[in-house]
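Single-letter residue listing:
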Amino acid sequence: MIDDLWYKNGVIYCLSVATYMDANGDGIGDFKGLTRRLDYLHGLGVTAIWLMPFQPSPYRDDGYDISDYYGVDPRYGTLGDFVEFTHGCKQRGMRVIIDLVVNHTSDQHPWFKQARADPNSPYRDWYVWSDKKPAHADQGMVFPGVQKSTWTHDKQAKAWYFHRFYEFQPDLNTANPYVQEEILKIMGFWIQLGVSGFRMDAVPFVIATKGPKVKKPVEQFDMLRTFREFLQWRKGDSIILAEANVRPEDDLHYFGDDGERMQMMFNFHVNQHLFYALAAADTGPLAKALAATKPRPATAQWGLFLRNHDELDLGRLTKAQQRIVFEKFGPDKTMQLYDRGIRRRLAPMLGGDQRRLELAYSLMMTLPGTPVIRYGDEIAMGDNLALPERRCARTPMQWSTEPHGGFTKSDKPEIPVIDHGAYGFEHVNVAQQRRDPDSMLNWTERIIRMRKEVPEIGWGDFKVIAARDPAVLILRYDWRNNSVLFVHNLDEQPREVSFAVGLPDDAGDTLIDLLGPNHSHASRGRHKLLIEGYGYRWFRVGGLDYLLRRTEVDGGGRSKA
Ligand code: NOJ
Ligand code: CA
């Protein structure tokens, strides 16, 4: 297969304009500020930026409550600034994907205002209504403990409306063909302005049947094909990265059996088991999760992540596994959220220990898929648990030791910068870490560089190699006659591991260490390594002639794995 599919070997970086860089000093990040930081992002090596919602919004769910799909919130700049930004990305060879939030609008969206004001408005049927309170109105909340129901009475409309999320986010009636058409129009608009695709919010809910009589929503998967076909028609290399926290047996419904639906999905199943593995130093369930999410069409790709902007949802784990993760990473009630997860950032979860952070990132980057990095993780930023719900992990980027971490010249940033404790900007910031070759920032830059040079991970086929030790995970990838192998020790204690690479003849006898000098030579087909606590090794299998072999597409070299 030719390697045009950029998302197969990309490195995605997720940020929100509001908290990245404030250029005009009003205390809120903006597109001008972000554009000035493009060389930083390019230097880090990321190949695509995922922008969280930046459209006009009352900002009651950090922009996931949109009141105009065709604009830029004036707080962040103008459409002109947006185009300057996408152009700046293009100049540097970086792509942009943006959030597409079409399961619901803000209740301040003109469509909803018209819908609630006039039962005869054409917009009435753009939302989901009921004359009476539906029997299951107190079920199916996404934010339990904060959100009271999924149906709310609207005085003006004299009817109840459906909202899968907060009550200020009325669900769009996505079964209405006009709504579907509008979704395509929104995509077409932003594609025209230079984006390469969308992170589609809440996909299972977008395509679900909705209504007062719907007890068990049924996904309308054909809709995904319609979105995909439209995108490919308008701009062939644009993609959708679906937020769909679904069971492995449903994955293929989202990718499509022949890859005709979503190009990418976040791998939530692996994410949860990855955190369990880190907490318990037990990689068995993670290996199972990798196997369960292995089947996918050749053009499809997983998005892999550690922490994102929401809580770490542990709902897939057994009670016993959940207990261990909560105990290790979020023991305090203030660290937990929605009775199911942990709301902290990665660095404080791992005790700010750089060895563990490197291990976690190394592991994430070598699992099958495309890594998605959360802004600030490259400098090991912390959280502010005094902020409500998920906001604790959405604080401004820490650039320097200047006031407010160099994020803004304003005395009063809208969202406070972390300014005290071990994760305060005086200790954790970009400027300082640039000067330190061993900093998290410089480590991240080096690991991204290497990750991009190992396309086998994104494109190849993987195999879990028996390590005979649950704390150690060994993965081998094969692609185009090349193989790579990764060893991770999730325990704090060093380990001696012995394993066979599992390739025919003597093909696996030499392992070239890609990150250090510790090459390994097998004795009677087995490698023996000593790996330190929280250690990781990236190996290329075979002799030093691998660079020559990399250019071969077929044949030559050793037999195909
Ligand atoms: C998922 C987003 O990740 C989350 O932040 C948001 O609150 C909901 N969707 C609603 O849009
Ligand atoms: Ca600003």
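Keep in mind that this is a model prediction, so the values were computed, not measured. (Residues numbered from 1 in each chain as written. Chains lettered and ligands numbered in written order. Predicted model: local features only at pLDDT ≥ 70, side-chain atom pairs only at ≥ 80, totals over all residues. Heavy atoms only, no water.)

Engineer: Describe the overall build of the protein, naming the residues involved and giving the relevant values.
Structural biologist: When its secondary structure is counted, the protein shows 17 helices and 22 strands. Relative to a compact globule of 561 residues, whose C-alpha radius of gyration would be 24 Å, the protein shows 24 Å and is just as compact. Summarising its shape, the C-alpha atoms of the protein cover approximately 80 × 55 × 50 Å along the three principal directions. In the protein, which comprises 561 residues, the proportion classed as buried is 62%. Of the roughly 22700 Å² of accessible surface on the protein, a fraction of 50% belongs to carbon and sulfur atoms. Of the side chains in the protein, 71 bear a positive and 73 a negative charge, and the two mean positions are spaced by 2 Å. (Helix = DSSP H or I, 4+ residues; strand = E, 2+ residues; numbered from the N terminus. Rg over C-alpha atoms; globule rule 2.2 N^0.38 Å. Buried < 20%, exposed > 50% of the residue type's maximum accessible area, 1.4 Å probe, protein only. Areas by Shrake-Rupley, 256 points an atom, 1.4 Å probe, with all protein chains shown as cover. Lys, Arg positive; Asp, Glu negative; His and termini not counted. Charge placed at Lys NZ, Arg CZ, Asp CG, Glu CD.)

Engineer: Would you mind going over the sheet that holds strand S14 (residues 370-374) in detail, with residue names and values included?
Structural biologist: If you walk around this closed barrel you meet the eight strands as S1-S2-S3-S7-S8-S9-S10-S14, and the pairing is parallel. The sheet shows a mean angle of 25 degrees between the axes of neighbouring strands, taken without regard to direction. Taken together, the three bridges between strand S3 (residues 95-100) and strand S7 (residues 197-200) define a ladder with parallel strand orientation. By the bridge assignment, Asp99 is partnered in S7 with Arg199. (Pairing = 2+ DSSP bridges. Axes fitted to C-alpha atoms, helices over the stretch in contact; angles between N-to-C directions.)

Engineer: Break down the packing of aromatic side chains for me, with residues and values.
Structural biologist: What the rule picks out here adds up to 40 aromatic pairs. The interplanar angle of 85 degrees and the centroid separation of 5.1 Å between the aromatic rings of Tyr20 and Trp399 together place this pair among those described as edge-to-face. Highlighted residues: Tyr20 in the loop between strand S1 (12-15) and helix H1 (31-36) and Trp399 in the loop between S14 and helix H14 (430-434), separated in sequence by 379 residues. An identical accessibility class is assigned to Tyr20 and Trp399; each is buried. (Phe/Tyr/Trp six-rings, centres within 6.5 Å; stacked < 30°, edge-to-face > 60°.)

Engineer: Which residues make up the site of ligand 1, and what are the values?
Structural biologist: Near ligand 1, the surroundings consist of Asp61, Tyr64, His104, Phe143, Phe165, Arg199, Asp201, Glu243, His309, Asp310, Arg390 and Arg394. Here an oxygen atom of ligand 1 sits 2.6 Å away from a polar atom, N or O, in the side chain of Asp61. Between an oxygen atom of ligand 1 and a side-chain N or O atom of His309, the distance comes to 2.7 Å. Coverage of ligand 1 by the protein chains reaches 98% of its 300 Å² of free accessible surface. Taken together, the residues of the shell around ligand 1 break down into three nonpolar, two polar and seven charged. (Near = heavy atom within 4 Å. Polar contact = N/O pair within 3.5 Å; in protein donor to acceptor, adjacent residues only side chain to side chain. Nonpolar A, V, L, I, M, F, W, Y, C, P; charged D, E, K, R; others polar.)

Engineer: Outline the domain arrangement of the protein, listing residues and values.
Structural biologist: Looking at the protein, the domain boundaries give domain 1 (6-102 + 178-452), domain 2 (110-162) and domain 3 (460-541). The gap between the C-alpha centroids of domain 1 and domain 2 is 29 Å. For the pair domain 1 and domain 2, the two sides together bury roughly 1200 Å², of which 72% comes from carbon and sulfur. The tally of links from domain 1 across to domain 2 stands at zero salt bridges. Where domain 1 meets domain 2, there are two residue pairs in polar contact (both at pLDDT 80 or more). For the side of domain 1 that touches domain 2, the element with the highest residue contribution is helix H5 (residues 177-192), accounting for three residues. (Domains from an automatic or database assignment. Buried area = accessible area lost by both parts, 1.4 Å probe. Salt bridge = Lys/Arg side-chain N within 4 Å of Asp/Glu carboxyl O.)

Engineer: Describe in detail the packing of helix H13 (residues 354-365) against helix H15 (residues 440-452), supporting the description with residues and values.
Structural biologist: At a closest axis distance of 11 Å, the pairing of H13 and H15 adopts a crossing angle of 20 degrees. When the interaxial angle is binned, H13 and H15 end up roughly parallel. When you trace H13 past H15, the crossing you get is right-handed. Residues Gln354, Leu357, Glu358, Tyr361, Ser362 and Met365 of H13 touch H15, and the partners they reach there are Met440, Trp443, Ile447, Ile448 and Arg451. For the contact of H13 with H15, the residue count by class is seven nonpolar, two polar and two charged. (Parallel < 35°, antiparallel > 145°, perpendicular 65-115°, else oblique. Left-handed = near helix turned anticlockwise from the far one by under 90°. Contact = heavy atoms within 4.5 Å.)

Engineer: Before we move on, could you go through the confidence of the model for the protein and cite the residues and values that matter?
Structural biologist: Low-confidence regions, as indicated by low pLDDT, have predicted coordinates that should not be scrutinised in detail. Per-residue confidence for the protein gives a mean pLDDT of 95; residues scoring 70 or more make up 96%. Considering only residues more than four positions removed or in separate chains, one finds that residues 551-561, a stretch of pLDDT under 50, has 20 contacts. (pLDDT = per-residue confidence, 0-100.)

Engineer: Explain the coordination of the calcium ion (ligand 2) residue by residue, including any values.
Structural biologist: Coordination of the calcium ion (ligand 2) by the protein comes from Asp22 (OD), Asn24 (OD1), Asp26 (OD), Ile28 (O) and Asp30 (OD), over a distance range of 2.3 Å. Motif for the calcium ion (ligand 2), donor spacing along one chain: D-x1-N-x1-D-x1-I-x1-D. Given a relative accessible area of 10%, Ile28 falls into the buried group. Judged by its relative accessible area of 3%, Asp30 is buried. (Donors = N, O, S within 2.8 Å, 3.2 Å for Na, K, Ca; no water.)

Engineer: Let's hear about the pairing of S3: which residues, and what values?
Structural biologist: Of all six residues making up S3, five are buried, and the element is well covered by its neighbours. Sheet topology places strand S2 (residues 48-51) next to S3; four bridges connect them, and they run parallel. From the neighbouring strand, Ile49 faces S3, where its bridge partner is Val96. Handedness of the crossover is the feature at issue here: the chain leaves S2, passes through helix H3 (residues 79-91), returns alongside S3, and the resulting connection is right-handed. (Right-handed = clockwise from strand over helix to strand, strands pointing away.)

Engineer: Go over the environment of Phe268, please, and point to the residues and values.
Structural biologist: Tracing the chain through its elements places Phe268 in helix H9 (residues 268-280). A residue is classified by how much of its surface remains accessible, and Phe268, at 10% relative accessible area, is buried. Measuring from C-alpha to C-alpha, the distance between Phe268 and Ala289 comes to 9.9 Å, with 21 residues separating the pair along the chain. In contact with Phe268, not counting residues within four places along its chain, are Glu243, Ala244, Asn245, Phe305 and Asn308.

Engineer: Can you lay out the sheet that holds strand S4 (residues 129-130) for me, pointing to particular residues and giving the numbers?
Structural biologist: Strands in a sheet are paired, the pairing made by backbone hydrogen bonds, and the direction either parallel or antiparallel. What the three strands build is an open sheet, ordered S4-S6-S5; its pairing is antiparallel. Every interior strand has two partners, whereas the edge strands, S4 and strand S5 (151-154), have only one. Relative to strand S6 (residues 159-162), S4 is paired through two bridges, and the arrangement is antiparallel. Within the sheet, the bridge partner assigned to Trp129 lies in S6 and is Tyr161.

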